[in-house]
Amino acid sequence: MNRLSFTAALAAALLLAGCQPPRTPEAAADASAQAFPPPAPPAPPPPATMDLVAGKAAEAAAARQRMAAHMPAAMPSVGIMPPRPAPLPPRANAEEYAEVEDNPVRRASEHPVSTFSIDVDTGSYSNVRRMLRMGIRPPPDAVRAEEFINYFSYGHPAPATREVPFRVTTEIAPSPWEPKRHLLMVGIKGYDVPRAELPPANLVFLVDTSGSMHSPDKLPLLRQAFATLTDQLRARDTVSIVAYAGSAGLVLPPTPGDRKGEILAALERLQAGGSTNGGAGIELAYAMARQGYVEGGANRVILATDGDFNVGTVDRRALEALVADQRRSGIALTTLGFGTGNYNDAMAERLADAGDGNHAYIDTLLEARKVLVEEMSSTLLTIARDVKIQVEFNPAVVAEYRLVGYANRMLREEDFANDRVDAGDIGAGHEVTALYEIALVGSGGERLPALRYAGGGATSAHGGEIGHLRLRYKLPGSDDSRLIEEPLRRDAIVAAASPALRFAATVAAFADALRGGANLGRWDWDAIAGNARAGRGDDRWGLRGEFAELVEAARVATRAEAARGGD
């Protein structure tokens, strides 16, 4: 059993016994490191007199039956003494992450063009935060650098008018972790819209009510999260609620947003139990979205789940095709992850991508407010679709480059101008940030060895340019893309990184350290921690202060793992 699975099972057993699980990362790590003997064969049930006082045996049995009806089948029964952790069925408490490989260093002379889709997801960061708070070092594939970087705002300037839906800015400065190299930051900021001016919203809450959603960090937190969103709804908005477990069911038909009592009552009726027929739930949710469809409005299904779909339509490609078909009809999909143990990050992220939506992970009520209240304008109003970034580096000036993150968002060069190729969307007020690490010719920052048979020196008619930046996007309702382009001039290099670039670099370094630290240059955990503390700035919501605390927690978890020999 891996460490993450064991910790989840231990916490569940303690809760059922009436105890509290370890609350600090250190306590959680100590508890999860204890070695238990193999589970003994089930013992005969204790006499009725050990359950309750004499004469109450029948009441005790009935109470246990009622409790068992609301528990996942895999949970151990409750006796007088805390039970030993029961053997878990295959794939129970097994979180799933798609394999991620870091982008390689590229020679500009061989691969001058880099093309990728923008990404506004943040789920990787908050999911990793949950693990670090438990005292667990996250698996490398759970860490996606672009989602760490885009969790934070860097103050990119917004467009002056709405003629172009966003503004693009760049900064080039020496890399904080390797002065012989430079960092290129590309920032995109969409125009914002006051909440009162948002178009009508047609929302369908698609809620996983399978047995595994029983724990407090799942269905109870989910109900609270959706309640925060309900508070923001207006009379011209509509909400439907669909639940799915062994089968899908309609909990609330399309209901005006100002009938908050009915919506909240429907949320309170949600109970966990059964297996997970997510495919049927998605089909019913889209049927409700079509029924309440608002022309010119925001039509969206919001899927909230802790894990995989294990009955019905379970093939991920079939589900992605279903979601993509509905996307083309104007209905988007957002996915929200909850809980610990069987969370399927790979499925949640891919479905959100296919549905032109965003993926977030909700680990606290504060995160729910951030995602469902503070960022709701960005979620509900798409201002630019299929946004693609392409950078052509000048090999006469740039020897090498590496794109930080976006490994699963890479596009072929010919995809950039192909309007049939899907890419990420930008919502009102959204920020997107991307970092390239580059080594200038003759800088000494090159990492690739010189080629024995390389041609005689690159030449260029644009020697004053590092490269050329291009962006393509579509306006909502249009099938034809528009192009923005601008040169990246060498004389734009500044002597020192701005606070925004330095903090973005610190976040990127943190993600890299969690993945093994292959690209940290001269930095180590101490350098990351110091820069995290120094980069708090105007921390209105406390997110940067929390980031500094997470770096410290990661440093403790990493060193503890090293002391154990990496087991």
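Parameters and conventions
- Residues numbered from 1 in each chain as written.
- Predicted model: local features only at pLDDT ≥ 70, side-chain atom pairs only at ≥ 80, totals over all residues.
- Heavy atoms only, no water.
- Helix = DSSP H or I, 4+ residues; strand = E, 2+ residues; numbered from the N terminus.
- Buried < 20%, exposed > 50% of the residue type's maximum accessible area, 1.4 Å probe, protein only.
- Contact = heavy atoms within 4.5 Å.
- Areas by Shrake-Rupley, 256 points an atom, 1.4 Å probe, with all protein chains shown as cover.
- Polar contact = N/O pair within 3.5 Å; in protein donor to acceptor, adjacent residues only side chain to side chain.
- Axes fitted to C-alpha atoms, helices over the stretch in contact; angles between N-to-C directions.
- Left-handed = near helix turned anticlockwise from the far one by under 90°.
- Phe/Tyr/Trp six-rings, centres within 6.5 Å; stacked < 30°, edge-to-face > 60°.
- Lys NZ or Arg CZ within 6 Å of the ring centre and 35° of its normal.
- Pairing = 2+ DSSP bridges.
- Core = buried A, V, L, I, M, F, W, Y, C linked by side-chain atoms within 4.5 Å.
- pLDDT = per-residue confidence, 0-100.
- Parallel < 35°, antiparallel > 145°, perpendicular 65-115°, else oblique.
- Nonpolar A, V, L, I, M, F, W, Y, C, P; charged D, E, K, R; others polar.

**Side note on the overall build of the chain**
Phase 1 of the analysis: When you go through the chain residue by residue, the secondary structure sums to 16 helices and 16 strands.
Phase 2 of the analysis: Within the chain, the fraction of its 567 residues that count as buried is 52%.
Phase 3 of the analysis: In the chain, of all internal contacts separated by at least 6 residues, the share reaching a separation of at least 24 is 79%.
Phase 4 of the analysis: As presented, the chain carries roughly 24700 Å² of accessible surface, and 53% of it is formed by carbon and sulfur atoms.

**Brief notes about the side chain of Ser114**
Phase 1 of the analysis: On the secondary structure map, Ser114 appears in strand S2 (residues 113-117).
Phase 2 of the analysis: Within polar-contact distance, the side chain of Ser114 engages the side chain of Tyr436 at 2.6 Å.
Phase 3 of the analysis: Aside from chain neighbours lying at most four places away, what touches Ser114 is Ile389, Gln390, Val391, Tyr401, Leu403, Met410 and Tyr436.

**Quick notes on the packing of helix H7 (residues 219-230) against helix H12 (residues 365-374)**
Phase 1 of the analysis: The contact between H7 and H12 brings their axes to 9 Å, and the two run at 35°. H7 and H12 meet at a crossing whose hand is right-handed. Listed contacts from H12 to Leu221, Gln224, Ala225, Phe226, Thr228 and Leu229 of H7 are Leu365, Ala368, Leu372 and Val373.

**Considering the packing of aromatic side chains**
Phase 1 of the analysis: Under the definition given, this model contains 20 aromatic pairs.
Phase 2 of the analysis: The interplanar angle of 75° and the centroid separation of 5.3 Å between the aromatic rings of Tyr125 and Phe152 together place this pair among those described as edge-to-face. One end of the pair, Tyr125, is in helix H5 (residues 123-133); the other, Phe152, is in the loop between helix H6 (145-149) and strand S3 (166-174), with 27 residues separating them in the sequence.
Phase 3 of the analysis: Classification of Phe152 by relative accessible area gives buried; the value is 5%.
Phase 4 of the analysis: Centroid distance Phe393 to Tyr401: 4.5 Å. Interplanar angle 20°. Geometry classified as stacked.
Phase 5 of the analysis: Its relative accessible area of 5% is what places Tyr401 among the buried residues.
Phase 6 of the analysis: Taken together, the ring pairs in this structure connect Tyr125, Phe148, Tyr151, Phe152, Tyr154, Phe503, Phe510, Trp525 and Phe547 into an aromatic cluster.
Phase 7 of the analysis: The lysine or arginine in question, Lys370, covers the ring of Tyr151, its NZ or CZ lying 4.0 Å from the ring centre.
Phase 8 of the analysis: One Lys or Arg, Arg544, reaches over the ring of Phe503 and ends 3.9 Å from the middle of that ring.

**Some remarks on H12**
One full turn of an α-helix is made of 3.6 residues, so residues set three or four places apart face in the same direction.
Phase 1 of the analysis: Among the residues making up H12, those that are buried are Glu367, Ala368, Lys370, Val371, Leu372 and Val373.
Phase 2 of the analysis: As for H12, its buried residues are in contact with H5, H7, strand S9 (332-338), strand S10 (359-362), helix H13 (376-380) and helix H16 (543-563).

**Comments concerning the sheet that holds strand S1 (residues 106-107)**
As a general point, the strands of a sheet are linked pairwise by backbone hydrogen bonds and lie either parallel or antiparallel.
Phase 1 of the analysis: The strand order across the open sheet formed by 5 strands is S1-S12-S14-S4-S3, and the pairing between neighbours is antiparallel. With one partner strand each, in any of the chains shown, S1 and S3 form the two edges of the open sheet.
Phase 2 of the analysis: Pairing of S1 with strand S12 (residues 398-404) involves 2 bridges; the strand directions are antiparallel. For Arg106, the partnering residue across the bridge sits in S12 and is Tyr401.
Phase 3 of the analysis: Most of the contacts of helix H14 (residues 499-514) go to strand S4 (residues 182-190), to which it runs at about 105°, and overall it touches S3, S4, S12 and strand S14 (431-440).

**Some details on the pairing of S4**
Phase 1 of the analysis: Where burial is concerned, most of S4 is hidden: 9 out of the 9 residues are buried.
Phase 2 of the analysis: Bridge count for S4 against S14 is 8 bridges, and the pairing is antiparallel. Each residue of the ladder has a partner; that of Leu183, found in S14, is Glu437.

**Quick look at the sheet that holds strand S5 (residues 201-208)**
Phase 1 of the analysis: Here we have 6 strands laid out as an open sheet, ordered S7-S6-S5-S8-S9-S10, and mixed in their pairing. The sheet is open, and its two edges are formed by strand S7 (248-256) and S10, each paired on a single side. Taking each pair of neighbouring strands and ignoring which way they run, the sheet shows an average axis angle of 20°.
Phase 2 of the analysis: Direction of pairing for strand S8 (residues 298-305) relative to S9: parallel, over a ladder of 6 bridges. Residue pairing in the sheet places Arg300 in a bridge with Ala332 of S9.
Phase 3 of the analysis: On the sheet, H7 packs against S5, S8, S9 and S10 and is oriented at approximately 175° with respect to S5.
Phase 4 of the analysis: Against the sheet, H12 contacts S9 and S10, and its axis sits at roughly 155° relative to S10.

**What to know about the nonpolar core**
Phase 1 of the analysis: Core analysis: the largest hydrophobic core is formed by 46 residues, its most contacted members being Phe148, Phe510 and Phe547.
Phase 2 of the analysis: Of all the secondary-structure elements, those providing two or more residues to this core are H5, H6, S4, H14, helix H15 (525-534) and H16.
Phase 3 of the analysis: Ranked by residue count, the leading element in this core is H14, at 12 residues.
Phase 4 of the analysis: In terms of nonpolar packing, the next biggest core, distinct from the first, is built from 38 residues, Val391, Leu471, Ile484 and Leu488 among them.

**Description of the confidence of the model for the chain**
Phase 1 of the analysis: Overall, the prediction assigns the chain a mean pLDDT of 83, with 80% of residues at 70 or greater.
Phase 2 of the analysis: Below a pLDDT of 50 lies the segment residues 1-93, which in the model reaches 80 contacts outside its immediate sequence neighbourhood of four places, other chains included.

**A short note on unusual backbone geometry**
Phase 1 of the analysis: You will see that Asp386, though not glycine, has its phi angle at about 50°, which is positive.
Phase 2 of the analysis: Along the chain, the position of Asp386 falls in strand S11 (residues 382-393).
Phase 3 of the analysis: The exposure class of Asp386 is buried, given its relative accessible area of 5%.
Phase 4 of the analysis: Phi at Tyr406 takes a positive value of approximately 60°, unusual for a residue other than glycine.

**A word on the packing of H14 against H16**
Phase 1 of the analysis: Direction vectors running N to C along H14 and H16 enclose 30°, while the axes themselves pass 11 Å from each other. The orientation of H14 relative to H16 falls into the category roughly parallel. Regarding H14 and H16, the two cross each other, and that crossing is left-handed. Residues Phe503, Thr506, Val507, Phe510 and Leu514 of H14 touch H16, and the partners they reach there are Arg544, Phe547, Leu550, Val551 and Ala554.
Phase 2 of the analysis: Of the residues assigned to the contact of H14 with H16, the class counts are 8 nonpolar, 1 polar and 1 charged.

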